[in-house]
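# Remarks on the overall topology
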Amino acid sequence: SPGGKTSYICQLMRNTGVVLANDLKAERQKATVANLHRLGVRNAVTCCKDGRKLAPSVKNSFDRVLLDAPCSGLGVISRDPSVKVQRTIGDVNRCAHLQKELLLAAIDALNHKKAKSGGGCMVYSTCSVAVAENEEVVNYALSKRDIKIVDAGLDFGKPGFTRYQHKRFHPSLALTRRFYPHVHNMDGFYVAKIQKLSNKIPGNDEKAKGEEEEMESNDAGDEVDAMEEETSKDDNDTKVEAKKNIDNKYVPPFPKGKKKKRPADDTDDKPTKKPKDKYKSVPPKQEQQVKKKKTNAKVTKPRRKKLNAEQT
């Protein structure tokens, strides 16, 4: 029933301290408040807010946190067989995404400075036996926050999975506990006890170092650009001064009747003739062979004299 875990925690605390009981649904909170009044609980405060939005306002405030995350309820099929028909794989994936966000928010709300006195720890639990809602969620939190898995101190239950099909998880997940209806004669359940070590977020230090290196490289590039600009300005100034000196150069006038070549200025743009190369390679001329006239053999031979009939 709603309020069972809250009332038991208040009983362990002997009505001292403060217990903040949060639930998103107001209808469930009405039943929780009724049970707390019936049991005489005086150290509990109830509220109805989204746990993802509540965490930033209470960051590093709690000594202990119990996160009973919303799940697909695959562990209570023995009591409610309709779960087999109502739940789909999409529902399991959506619950897993929500559980990851809630777990990170709960870790941020923990105060790790009181770890020596037993604080700074939390319990993550679901009433599901799906790996996507249990080991995968805790393994995701291990990669996103500076935490470690602690032994839950339970004598019964199966250890959590460190490998499932093609997936591999952190070895410390063997300290978590799984409960099955057909083995332990109870609802399917999953429990993981987590200890917060610090407020550091893995990956942020590397990003900060990368940003610092980028800033340093950008500053060095700006200095190089400034040096190049200064050198280019100096070159332009020298060019302008050279042009002024050429323009201000004194040229004496030519005397009348004599034409002399004016001294060539550096600014003349007239094309100059290139000197001929004396040793320019020229292919040798080929001697033309005189063709002999062909003589007809018939012409060169002496012709026979025709004999008259009388002579014959």
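Coordinates for the structure precede this section.
Everything quoted here is computed from the prediction, not taken from an experiment. (Residues numbered from 1 in each chain as written. Predicted model: local features only at pLDDT ≥ 70, side-chain atom pairs only at ≥ 80, totals over all residues. Heavy atoms only, no water.)

## Focus on the layout of surface pockets
Of the voids in this model, the second largest pocket is the one considered here, and its volume is about 240 Å³. In terms of lining, the second largest pocket is formed by 13 residues, of which the most central are Ala 130, Val 131, Ala 132, Glu 136 and Tyr 164. With 5 residues, the single largest contributor to the lining of the second largest pocket is helix α5 (residues 89-109). Among the residues making up the lining of the second largest pocket, the classes are represented as 9 nonpolar, 1 polar and 3 charged. (1 Å grid on protein atoms, 1.4 Å probe; cavity = no way out; pocket = protein on both sides within 12 Å on 5 of 7 lines; lining within 4 Å. Points joined across faces, edges and corners; volume = space filled by probe spheres on them. Helix = DSSP H or I, 4+ residues; strand = E, 2+ residues; numbered from the N terminus. Nonpolar A, V, L, I, M, F, W, Y, C, P; charged D, E, K, R; others polar.)

## Describing the pattern of salt bridges
Scanning all chains against the criterion turns up 9 salt bridges. One salt bridge connects Arg 79 with Asp 187, and the closest N-O pair in it is separated by 3.0 Å. Placement of the pair is Arg 79 in the loop between β3 (64-68) and α4 (83-86) and Asp 187 in the loop between α7 (181-184) and β10 (189-196), with a sequence separation of 108 residues. Arg 79 gets classed as exposed once you look at its relative accessible area, which sits at 59%. With a closest N to O distance of 2.3 Å, Arg 94 and Asp 91 form a salt bridge. Here Arg 94 and its partner Asp 91 are both found in helix α5, 3 residues apart, which amounts to about one turn of the helix. (Salt bridge = Lys/Arg side-chain N within 4 Å of Asp/Glu carboxyl O. Buried < 20%, exposed > 50% of the residue type's maximum accessible area, 1.4 Å probe, protein only.)

## Focus: the side chain of Asp 50
Of note, Asp 50 is situated in the loop between β2 (44-47) and α3 (51-54). Only 3.0 Å separates the side chain of Asp 50 from the side chain of Arg 52, close enough to count as a polar contact. (Polar contact = N/O pair within 3.5 Å; in protein donor to acceptor, adjacent residues only side chain to side chain.)

## Structural notes on the packing of α5 against helix α6 (residues 135-144)
It is the contact of α5 with α6, at a shortest axis distance of 9 Å, that shows an interaxial angle of 45°. The orientation of α5 with respect to α6, classified from their angle, is oblique. Of the two elements, α5 crosses α6, and the hand of that crossing is right-handed. Residues Ala 96, Gln 99, Lys 100, Leu 103, Leu 104 and Ile 107 of α5 touch α6, and the partners they reach there are Glu 136, Val 137, Val 138, Tyr 140, Ala 141 and Lys 144. Among the residues forming the contact of α5 with α6, the class breakdown is 8 nonpolar, 1 polar and 3 charged. (Axes fitted to C-alpha atoms, helices over the stretch in contact; angles between N-to-C directions. Parallel < 35°, antiparallel > 145°, perpendicular 65-115°, else oblique. Left-handed = near helix turned anticlockwise from the far one by under 90°. Contact = heavy atoms within 4.5 Å.)

## A look at the packing of aromatic side chains
For the structure on display, the rule yields 2 aromatic pairs. Seen from their ring centres, Phe 156 and Phe 179 are 5.1 Å apart, and the 55° between their planes marks the pair as tilted. With a gap of 23 residues between them, Phe 156 in the loop between β5 (147-150) and β6 (158-159) and Phe 179 in strand β9 (residues 177-179) connect regions that are remote in the sequence. For Phe 156, a relative accessible area of 44% translates into the label partly exposed. (Phe/Tyr/Trp six-rings, centres within 6.5 Å; stacked < 30°, edge-to-face > 60°.)

## Things to note about unusual backbone geometry
Positive phi is not limited to glycine here, since Arg 14 has a value of about 60°. Assignment of secondary structure puts Arg 14 in the loop between α1 (4-12) and β1 (19-22). For Arg 14, a relative accessible area of 73% gives the class exposed.

## Side note on a nonpolar patch on the surface
Judged by side-chain polarity, Val 18, Leu 20 and Val 45 come together as a nonpolar surface patch covering roughly 250 Å² of accessible area. Structurally, Val 45 is set in strand β2. A residue is classified by how much of its surface remains accessible, and Val 45, at 43% relative accessible area, is partly exposed. (Patch = residues over 30% accessible without salt bridge, like charges linked within 9 Å, V, L, I, M, F, W, Y side chains within 5 Å. Areas by Shrake-Rupley, 256 points an atom, 1.4 Å probe, with all protein chains shown as cover.)

## Overview of the nonpolar core
In terms of nonpolar packing, the biggest core is built from 23 residues, with Leu 67, Leu 103, Met 122, Tyr 124 and Val 138 touching the most fellow members. Broken down by secondary-structure element, the contributors of at least two residues to this core are β3, α5, β4 (121-126), α6, β5 and β10. With 5 residues, α5 is the largest single contributor of residues to this core. Here Met 122 is in contact with Val 65, Leu 67, Leu 103, Ala 106, Ile 107, Leu 110, Ala 192, Lys 193 and Ile 194, once residues within four sequence places are set aside. (Core = buried A, V, L, I, M, F, W, Y, C linked by side-chain atoms within 4.5 Å.)

## Brief notes about the environment of Pro 70
Tracing the sequence through the fold places Pro 70 in the loop between β3 and α4. In this structure, the C-alpha to C-alpha distance between Pro 70 and Ser 125, residues 55 residues apart in sequence, is 9.3 Å. In this structure, Pro 70 is in contact with Cys 95, Leu 98, Gln 99 and Leu 102, ignoring residues within four places of it in sequence.

## Some words on the pairing of β2
Taken together, the 4 bridges between β1 and β2 define a ladder with parallel strand orientation. Residue pairing in the sheet places Asn 22 in a bridge with Cys 47 of β2. Running through helix α2 (residues 26-39), the crossover from β1 to the neighbouring parallel element β2 is right-handed. (Pairing = 2+ DSSP bridges. Right-handed = clockwise from strand over helix to strand, strands pointing away.)

## Focus: the side chain of Asn 43
Checked against the element boundaries, Asn 43 lands in the loop between α2 and β2. With a relative accessible area of 5%, Asn 43 lands in the buried category. Here the side chain of Asn 43 touches Thr 16 through a polar contact of 2.9 Å, landing on its backbone oxygen. In contact with Asn 43, not counting residues within four places along its chain, are Cys 10, Met 13, Asn 15, Thr 16, Gly 17, Val 18 and Val 19.

Function cannot be inferred from these measures alone, as they are strictly geometric.
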